[in-house]
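What follows is each chain in one-letter form.
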Amino acid sequence: MGAEREPERGAERVVVGDKRKLRLATASLAGCFGCHMSLLDIDERLFELVERVDFDRSPLTDIKHCGACDIGLIEGGICNAENVHVLREFRSHCKVLIAVGACAVNGGLPAQRNHLDLGQCLQEIYLTAPDIVGGKIPNDPELPLPLDKVHPIHEIVRIDYFIPGCPPSGDAIWKFLTDLLDGRTPRLGHPLLHFD
Amino acid sequence: MSEECFDAEELEELLRPVVERHNGEPLQLVQILREAQEVVGYLPAALLTATARALKLPRAQVEGVAGFYSFFHLTPPGRYRVLFSDNITDRMLGSGELLDRLCNKLWVERRKLSEDGLVSVDTTSCTGMCDQGPALLVNGQPLTRLSGERIDRISELIRAQLPLGDWPAEYFRVEDNIRRRDTLLSAEWPAGEALRAAIARGSEAMLAEMKLSNLRGRGGAGFTTAIKWESARRAACHTEADAQAGARYVICNADEGEPGTFKDRVLLSSYPDLVFDGLSVAGFTIGARKGLIYLRGEYAYLLPALRENLERRRRSGLLGRAVGGEVGLDFEIDIHLGAGAYVCGEETALLESLEGKRGIPRIRPPFPVTAGYRGQPTVVNNVETLCKAALIAIRGGAWFAGLGTKQSTGSKLLSISGDVEMPGIYEYPFGVSVEQVLQDCGAGNAQAVQVSGPSGVCLAMHEFSRSIAFEDVPTAGAFMVFGSHRDMFEVARNFAHFFKHESCGFCTPCRVGTSLVANCMDKIGKGLGTQYEINQIFKIHRLLHAASHCGLGQAACNPLFDTLQKFRPAYERRLCSLDFEPAFDLDQALAAARQMTGRDDPAAHFGFAARLPGVAS
Amino acid sequence: MTQPSILLDGLPVPFVDGQTIMDAAMAADIFIPHLCHHPEFKPQGSCKLCTVKANGRYVSACTLPARDGMEVENNSPDLNDKRRTLLQMLFVEGNHFCPSCEKSGNCMLQALAYELEMLSPHFDQFYPNRAVDASHPEVLLDFNRCILCELCVRASRDVDRKSVFSLSGRGIDKHLIVNAESGRLADTDFSWADKAAHVCPVGVILKKRSGFAVPIGKRRYDVEPIGMQVERLAARSADEES
Ligand SMILES: Cc1cc2nc3c(=O)[nH]c(=O)nc-3n(C[C@H](O)[C@H](O)[C@H](O)COP(=O)(O)O)c2cc1C
Ligand code: SF4
Ligand code: SF4
Ligand code: SF4
Ligand code: FES
Ligand code: FES
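Here the structure is a predicted model, which is why all the values come from computation and not from measurement.

1. Concerning the UniProt feature "domain: 4Fe-4S His(Cys)3-ligated-type" (unreviewed entry) in chain C
So, step 1. As recorded in UniProt, the feature "domain: 4Fe-4S His(Cys)3-ligated-type" (unreviewed entry) lies at residues 78-117 of chain C.
So, step 2. For residues 78-117 of chain C, helix accounts for 60% and strand for 0%, while the C-alpha atoms at its two ends are 14 Å apart.

Pasting the structure below:
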């Protein structure tokens with residue numbers, strides 16, 4: 001059913017014909033790194049990708065904070081304070097931000113804790129579980145505090161595109177990125193589009 | 001009423017007379033549940049089981065009906081159930097503060113039953129007392145003209161557990177507040193005059209007068225009444241035997257749920273004979289032997305007087321067998337009470353409710369005129385429409401057609417409330433300008449008028465020269481005035497929540513969409529909205545308008561759309577300049593974790609500083 | 001006399017008296033998205049996925065009787081856009097975590113989301129708190145995924161004559177209930193042999209201990225998009241699962 005999609009929330013298009021190499025960054029928030037594995041799963045096409053884009057913060061580099069980028073790929077939802085900071089950093093540095101995978105798109109598996117009370121969870125895990133004596137809820141300021149609920153990333157910042165799947169296949173990610181890089185409206189049809 | 005635990009046998013005992021009163025008729029389920037609740041105080045699970053058994057209905061169906069209506073309680077609501085009318089006009093008169101005050105005095109949290117099971121305090125959709133608000137219902141009885149003093153006194157009365165009958169009668173006084181009379185409100189015919197006139201004309205001729213009058217429905221849609229009557233009169237009943245038995249129905253829509261509307265209340269309390277006459281005339285004209293009045297639950301206080309009046313009519317031969325002395329002309333009128341659901345004003349949802357079901361609008365076609373109550377040809381008319389029909393029976397269609405404008409004949413009752421000196425009922429010939437009305441009711445500094453309630457239209461100052469008529473600004477009667485000091489965003493937000501609360505939930509767009517827009521409005525209200533939310537509202541508006549199953553969903557975003565068009569600054573003032581913000585408070589989302597870990601360091605918070613990347617992390 | 005027909009996206013589609021737009025389209029192997037419609041049951045008209053434009057007015061294809069010469073717009077960007085928004089509403093209203101759902105791959109809601117290229121839920125999630133009913137020996141009810149299509153209600157009432165299911169609540173609080181004072185499925189006369197056990201278009205009514213039987217890639221909508229399965233959808237009957 002030929003669906004003409006408006007990009008989400010007035011997404012910016014990546015400038016086509018720009019001879020400059022585009023910069024791409026990725027991050028994993030509350031996810032399982034499965035989506036990153038999928039990205040690496042594009043196999044030999046990775047070489048083609050490296051031809052076309054420079055990697056900023058990503059599994060392929062050692063960069064801690066992302067700099068000005070054209071494309072940001074985010075895996076995972078928002079479950080703690082640090083996730084929010086990283087996401088916001090990405091949003092402010094990336095022209096186009098893409099949610100990758102079920103967790104980023106709708107909270108995914110981690111969000112299935114949302115009907116539980118966080119206080120009670122912490123209590124049970126650290127204080128009252130049967131094998132615990134003199135337990136203590138970790139309170140090191142270095143540790144990010146968990147949010148009361150897990151959220152998909154589009155509830156925190158503006159997201160331009162979504163690649164659903166748990167994880168999306170390497171083919172889906174490749175199709176999406178090449179559409180984008182070539183200046184087409186990225187589309188996933190059967191069977192690339194799936195939620196599981 | 002009380003909250004004791006009943007055992008199943010006891011409940012069956014209590015239920016039996018109620019079921020008997022209704023002959024064990026499943027179509028009476030809503031009435032039976034209402035009456036059973038009066039006896040028991042609420043509808044415990046075992047009572048639903050007993051009701052299902054007595055009526056031979058699936059239990060789940062009974063529970064489904066009980067769960068649909070706001071005034072049915074599956075858990076104890078307290079011996080005193082206080083419901084503040086939550087129309088914007090009540091809010092403007094300070095109902096919010098009064099509610100908080102009562103909660104404080106009674107040591108209860110809103111929406112929660114007090115620990116001793118004595119009282120609960122909550123809000124309810126407009127109770128139709130906008131001309132004498134702020135108003136509330138206590139155990140279904142309306143209290144008007146609330147003030148801080150009265151609230152304090154009420155809290156004492158509740159704490160002293162004084163029965164409602166011993167409360168000051170003054171508190172319960174409901175005024176008519178008729179400010180301008182025209183042909184309808186100055187009518188002074190004795191009971192039965194219109195019916196006798198119709199009988200004298202004969203049903204054919206009566207229908208001809210209706211056609212001549214060009215009367216259009218006063219309930220909102222403005223459908224030509226004669227066409228409705230004629231279709232129902234012509235439509236085939238299920239069987240020939242049904243037709244012989246006069247198995248057609250006329251129904252008086254007295255649900256009056258549109259916030260800001262209260263003219264039917266006044267007609268029912270001070271012109272009941274005109275209403276009953278109109279209903280009888282309609283019945284006579286289409287060949288119905290039964291008329292039903294669907295009275296909104298909020299107006300239950302009118303029931304005793306209405307029933308008494310029906311008794312009187314029966315004694316004087318205006319009801320029952322051989323009405324008006326005509327052998328073979330039989331007509332009965334029953335009153336059904338609603339139980340708190342605005343959607344039941346929609347005529348097909350009303351029919352479902354009359355048949356004892358959840359008030360879900362039906363699929364149309366077929367329309368009620370061919371398949372209505374019990375599947376038989378049925379006319380549904382608004383209270384005011386029927387009063388007009390009574391006048392037409394007496395004075396003729398030509399006379400009526402000479403009033404008002406060509407396309408909008410006759411007069412219209414307006415229920416005027418809000419920022420005016422003299423709120424109340426104003427009757428005008430159709431065609432009157434908004435300006436004129438504003439002048440008459442003493443609206444000095446109006447910036448906007450919401451005509452026909454939240455589902456109607458919001459007029460800004462530059463539109464005040466328009467006129468009240470089907471061909472220009474149609475209305476079901478509500479006329480809420482907002483002075484220049486009012487915040488039109490808050491007006492729209494109140495309406496958004498009204499629709500969210502009243503959506504029947506049948507169709508996807510309205511069920512979810514009304515919640516989504518209410519959330520958008522709350523987000524904007526908290527200062528977290530951006531242009532993004534405004535776009536969302538427009539998008540949802542287009543969808544609801546196109547795809548909703550009934551008029552409720554189709555109109556649900558009208559007030560937002562109108563105010564966004566005409567009062568954009570009221571929204572823009574609240575928008576933040578960022579391109580997107582979360583709808584929830586991030587710092588608050590960490591509160592549970594802070595409490596559990598005992599942390600309070602900067603990284604345990606979100607604030608303005610944390611918004612700048614790298615600062616707080 | 002020639003057979004009456006409607007013009008569906010410009011294509012003449014014949015119908016017989018009494019057929020709805022949906023009936024006519026299905027008979028002609030044309031896909032109109034739908035969720036609450038099932039050829040075996042009385043039309044319901046609540047999901048609104050089948051919204052089409054007939055003679056310029058938005059209507060539900062599954063409830064509106066076809067009329068000769070009616071011009072119907074179905075596969076258009078405007079309508080598909082609206083349908084996608086409706087799907088997104090259904091997704092955020094419940095809890096749909098496809099990766100852990102046994103219905104995944106065989107689910108109509110999901111298949112329609114693919115068909116209409118719904119890439120995200122778009123709106124904020126409601127994350128409602130809905131308990132699962134595991135009381136019944138054979139069947140699990142996971143209300144988190146209920147889209148309130150009332151197919152189980154209709155099947156149990158009209159075919160099984162048991163009225164095991166019903167809806168309660170109103171508006172956004174509307175929810176599915178079962179026919180027992182305890183509220184537990186185990187306390188009803190429901191059985192896996194019921195028609196109602198096999199009509200749920202999503203993953204609410206599930207047979208215990210039999211999930212994930214078909215491997216990914218082989219499931220109903222892995223094989224072919226829903227839009228190409230009109231014939232099967234039209235032939236759904238008492239002995240076949242939705
Ligand atoms: C959501 C909704 C609520 C309605 N509420 C009322 C009402 O309270 N009273 C009324 O007379 N008509 C109401 N209507 C209009 C009725 O459906 C119907 O058109 C009217 O009762 C017909 O009577 P009339 O032709 O005399 O106006 C409502 C319609 C909708 C869609
Ligand atoms: S539009 Fe709203 S009120 Fe009307 S049927 Fe749909 S959900 Fe119910
Ligand atoms: S019911 Fe369908 S859409 Fe919902 S979680 Fe299961 S597979 Fe996904
Ligand atoms: S359980 Fe399934 S069939 Fe029943 S209403 Fe929910 S989604 Fe529809
Ligand atoms: S992080 Fe990729 S699917 Fe959850
Ligand atoms: S399929 Fe027509 S409304 Fe659901």
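2. What to know about the packing of aromatic side chains
So, step 1. Within this structure, the stated rule accounts for 20 aromatic pairs over all chains.
So, step 2. Note on Phe68 of chain B and Tyr69 of chain B: the rings are 5.0 Å apart at their centroids and 75° apart in plane angle, and the pair reads as edge-to-face. Tyr69 of chain B matches Phe68 of chain B in its accessibility class, with the two residues each being buried.
So, step 3. A centroid spacing of 5.8 Å and a plane angle of 85° characterise the contact between Phe538 of chain B and Phe561 of chain B, whose relative ring orientation is edge-to-face. Placement of the pair is Phe538 of chain B in helix 21 (residues 531-547) and Phe561 of chain B in helix 23 (residues 558-566), with a sequence separation of 23 residues.
So, step 4. Three or more aromatic residues joined by ring pairs form one cluster here, namely Phe195 of chain A together with Phe91 and Tyr114 of chain C.
So, step 5. Its guanidinium or amino end placed over the ring of Phe470 of chain B, Arg216 of chain B lies 4.2 Å from that ring's centre, counting from NZ or CZ.
So, step 6. Here Arg170 of chain C stacks its cationic end above the ring of Phe68 of chain B, 5.8 Å away from the centre of that ring.

3. Points about the site of ligand 4
So, step 1. In the vicinity of ligand 4, the contacting residues are Cys146, Ile147, Leu148, Cys149, Glu150, Leu151, Cys152, Leu176, Cys200, Pro201, Val202 and Val204 of chain C.
So, step 2. Class assignment for the residues of the shell around ligand 4 results in 11 nonpolar, no polar and one charged.

4. Let's talk about the side chain of Arg81 of chain B
Residue and element names in this part refer to chain B.
So, step 1. Within the secondary structure, Arg81 sits in strand 1 (residues 80-85).
So, step 2. The side chain of Arg81 is buried and forms no salt bridge, while Asp122, the nearest opposite charge, is found at 4.3 Å.
So, step 3. Engagement of the side chain of Arg81 in a polar contact is seen with the side chain of Ser120, the distance being 3.0 Å.
So, step 4. Excluding its chain neighbours within four sequence positions, the residues that come into contact with Arg81 are His73, Ser120, Asp122, Leu137, Val138 and Asn139.

5. Concerning the interface of chain C and chain B
So, step 1. Contacts between the two partners involve 37 residues from chain C and, on the opposite side, 45 residues from chain B.
So, step 2. For the chain C and chain B pair, buried surface summed over both sides reaches about 3,200 Å², with 60% attributable to carbon and sulfur atoms.
So, step 3. If you sort the residues of chain C by the area they bury against chain B, Met89, Arg170 and Glu181 of chain C come out on top, with a joint share of 23%.
So, step 4. Applying the counting rule to chain C against chain B returns two salt bridges.
So, step 5. With a closest N to O distance of 2.6 Å, Glu93 of chain C and Arg511 of chain B form a salt bridge.
So, step 6. Taken together, the links from chain C to chain B amount to 21 residue pairs in polar contact (both at pLDDT 80 or more).
So, step 7. Looking at the side of chain C that touches chain B, the elements that each hand over two or more residues are helix 2 (77-93), strand 8 (165-168) and strand 9 (175-178) of chain C.
So, step 8. Top contributing element to the side of chain C that touches chain B by residue count: helix 2 of chain C, with six residues.

6. Remarks on the confidence of the model for chain C
So, step 1. When pLDDT is averaged along chain C, the result is 95; 98% of the residues meet or exceed 70.
So, step 2. What the predictor reports for the complex is a pTM of 0.96 with an ipTM of 0.97.

7. Side note on the side chain of His549 of chain B
So, step 1. Relative to the assigned elements, His549 of chain B resides in the loop between helix 21 and helix 22 (551-555).
So, step 2. His549 of chain B sits in the buried class, given a relative accessible area of 12%.
So, step 3. For His549 of chain B, the side chain forms a polar contact with the main-chain oxygen of Pro361 of chain B, separated by 3.0 Å.
So, step 4. Beyond its immediate stretch of four places on either side in the chain, His549 of chain B contacts Pro361, Arg362, Ile363, Arg364, Phe506, Cys507 and Gln554 of chain B together with Gly45 and Lys48 of chain C.

8. As for the confidence of the model for chain B
So, step 1. On average, chain B scores 95 in pLDDT, and the residues at 70 or more come to 98%.
So, step 2. For residues 609-617 of chain B, every residue scores under 50 in pLDDT, and the model assigns this stretch 12 contacts once sequence neighbours within four places are set aside.

9. Details of the domain arrangement of chain B
So, step 1. The domain architecture assigned to chain B consists of domain 1 (8-68), domain 2 (80-175), domain 3 (180-401), domain 4 (411-486), domain 5 (489-572) and domain 6 (585-617).
So, step 2. The C-alpha centroid of domain 4 of chain B is placed 43 Å from the C-alpha centroid of domain 1 of chain B.

10. With respect to the nonpolar core
When a protein is soluble and globular, its nonpolar side chains tend to lie buried together.
So, step 1. One finds Ile98 of chain A, Tyr69 of chain B together with Ile21, Leu35 and Phe165 of chain C to be the most contacted residues of the largest nonpolar core, which totals 210 residues.
So, step 2. The next biggest cluster of nonpolar side chains, apart from the first, holds 64 residues, and it includes Leu195, Ile293, Val369 and Ile425 of chain B.

11. Remarks on the domain arrangement of chain C
Residues and elements named next belong to chain C.
So, step 1. According to the domain assignment, chain C contains domain 1 (8-75) and domain 2 (97-241).
So, step 2. The straight-line distance from the C-alpha centre of domain 1 to that of domain 2 is 23 Å.
So, step 3. Taken together, the 18 residues of domain 1 in the interface contact 25 residues of domain 2.
So, step 4. Of the roughly 1,800 Å² buried between domain 1 and domain 2 on both sides combined, carbon and sulfur atoms contribute 66%.
So, step 5. Counting the contacts that link domain 1 with domain 2 gives one salt bridge.
So, step 6. Counting across the interface, domain 1 meets domain 2 through six residue pairs in polar contact (both at pLDDT 80 or more).
So, step 7. Partitioning the side of domain 1 that touches domain 2 into residue classes produces 10 nonpolar, five polar and three charged.

12. Structural notes on the site of ligand 3
So, step 1. Close contacts around ligand 3 come from Phe91, His96, Phe97, Cys98, Cys101, Ser104, Cys107, Leu109, Gln110, Arg145, Val202 and Gly203 of chain C, and that covers them all.
So, step 2. Tallied by class, residues from the shell around ligand 3 come to seven nonpolar, four polar and one charged.

13. Overview of the environment of Thr370 of chain B
Residue and element names in this part refer to chain B.
So, step 1. By the secondary structure assignment, Thr370 is in the loop between helix 15 (347-354) and strand 9 (378-382).
So, step 2. Classification of Thr370 as partly exposed rests on a relative accessible area of 40%.
So, step 3. Distance in space between the C-alpha atoms of Thr370 and Asp255 is 22 Å, their sequence separation being 115 residues.
So, step 4. When neighbours within four sequence positions are excluded, Thr370 is seen to be in contact with Ala235, Ala236, Gly375, Gln376 and Pro377.

14. Details of the sheet that holds strand 10 (residues 411-418) of chain B
Two pairing modes exist for strands in a sheet, parallel and antiparallel, and in both the strands are linked by backbone hydrogen bonds.
Residues and elements named next belong to chain B.
So, step 1. Pairing within the open sheet is mixed, and its six strands lie in the order 5-11-10-14-12-13. Single-partner strands in this sheet number two, and they are strand 5 (178-180) and strand 13 (457-460). Ignoring which end each strand starts from, the neighbouring axes of this sheet average 30° apart.

15. A few points about helix 3 (residues 108-115) of chain C
All names here are of chain C.
So, step 1. When you tally the buried positions in helix 3, you get eight out of eight residues, the bulk of the element.
So, step 2. Within helix 3, the full set of buried residues consists of Met108, Leu109, Gln110, Ala111, Leu112, Ala113, Tyr114 and Glu115.
So, step 3. In this structure, the buried side of helix 3 is in contact with helix 2, helix 5 (220-223) and helix 6 (230-234).
So, step 4. Downstream of helix 3 by one or two residues, Glu117 has phi in the positive range, about 50°.

16. So, the packing of helix 9 (residues 203-213) of chain B against helix 13 (residues 272-286) of chain B
Residue and element names in this part refer to chain B.
So, step 1. Running from N to C, helix 9 and helix 13 point in directions that differ by 120°, and their axes come no closer than 8 Å. Once helix 9 is placed against helix 13, the crossing between them reads as left-handed. Touching Ser203, Met206 and Leu207 of helix 9 are Val281, Phe284 and Thr285, all from helix 13.
So, step 2. Looking at the contact of helix 9 with helix 13, its residues break down into four nonpolar, two polar and no charged.

17. Some words on the interface of chain C and chain A
So, step 1. Tallying the contact residues gives 38 residues for chain C and 34 residues for chain A.
So, step 2. A buried area of about 3,000 Å², summed over both sides, lies between chain C and chain A, and 55% of it is on carbon and sulfur atoms.
So, step 3. Per-residue buried area on chain C facing chain A is highest for Glu117, Leu119 and Tyr127 of chain C; these three make up 27% of the total on that side.
So, step 4. Taken together, chain C and chain A are joined by two salt bridges.
So, step 5. The partner of Arg187 of chain A in a salt bridge is Glu117 of chain C, and the shortest N-O contact between them spans 2.4 Å.
So, step 6. Run the count over chain C and chain A and you get 10 residue pairs in polar contact (both at pLDDT 80 or more).
So, step 7. Elements represented by at least two residues in the side of chain C that touches chain A include exactly helix 2, helix 3 and helix 5 of chain C.

18. A word on unusual backbone geometry
So, step 1. Of note, the bond from Cys166 of chain A into Pro167 of chain A is cis; its omega dihedral lies within 30 degrees of zero at -5°.
So, step 2. Relative to the elements of secondary structure, Pro167 of chain A occurs in the loop between strand 7 (161-163) and helix 6 (170-181).
So, step 3. In this structure, the amide linkage connecting His190 of chain A to the following residue, Pro191 of chain A, adopts the cis form with an omega of -5°.
So, step 4. Tracing the sequence through the fold places Pro191 of chain A in the segment after helix 6.
So, step 5. You will see that Arg111 of chain B, though not glycine, has its phi angle at about 75°, which is positive.
So, step 6. Positionally, Arg111 of chain B belongs in the loop between helix 6 (95-106) and strand 2 (119-124).
So, step 7. Owing to a relative accessible area of 58%, Arg111 of chain B belongs among the exposed residues under this scheme.
So, step 8. Of note, the phi angle at Asn177 of chain B is positive, near 50°, even though the residue is not glycine.

What counts and what doesn't
- Residues numbered from 1 in each chain as written.
- Chains lettered and ligands numbered in written order.
- Predicted model: local features only at pLDDT ≥ 70, side-chain atom pairs only at ≥ 80, totals over all residues.
- Heavy atoms only, no water.
- UniProt positions renumbered as here; feature names shortened; annotations may be inferred.
- Helix = DSSP H or I, 4+ residues; strand = E, 2+ residues; numbered from the N terminus.
- Phe/Tyr/Trp six-rings, centres within 6.5 Å; stacked < 30°, edge-to-face > 60°.
- Buried < 20%, exposed > 50% of the residue type's maximum accessible area, 1.4 Å probe, protein only.
- Lys NZ or Arg CZ within 6 Å of the ring centre and 35° of its normal.
- Near = heavy atom within 4 Å.
- Nonpolar A, V, L, I, M, F, W, Y, C, P; charged D, E, K, R; others polar.
- Lys, Arg positive; Asp, Glu negative; His and termini not counted.
- Salt bridge = Lys/Arg side-chain N within 4 Å of Asp/Glu carboxyl O.
- Polar contact = N/O pair within 3.5 Å; in protein donor to acceptor, adjacent residues only side chain to side chain.
- Contact = heavy atoms within 4.5 Å.
- Buried area = accessible area lost by both parts, 1.4 Å probe.
- pLDDT = per-residue confidence, 0-100.
- Domains from an automatic or database assignment.
- Core = buried A, V, L, I, M, F, W, Y, C linked by side-chain atoms within 4.5 Å.
- Pairing = 2+ DSSP bridges.
- Axes fitted to C-alpha atoms, helices over the stretch in contact; angles between N-to-C directions.
- Left-handed = near helix turned anticlockwise from the far one by under 90°.

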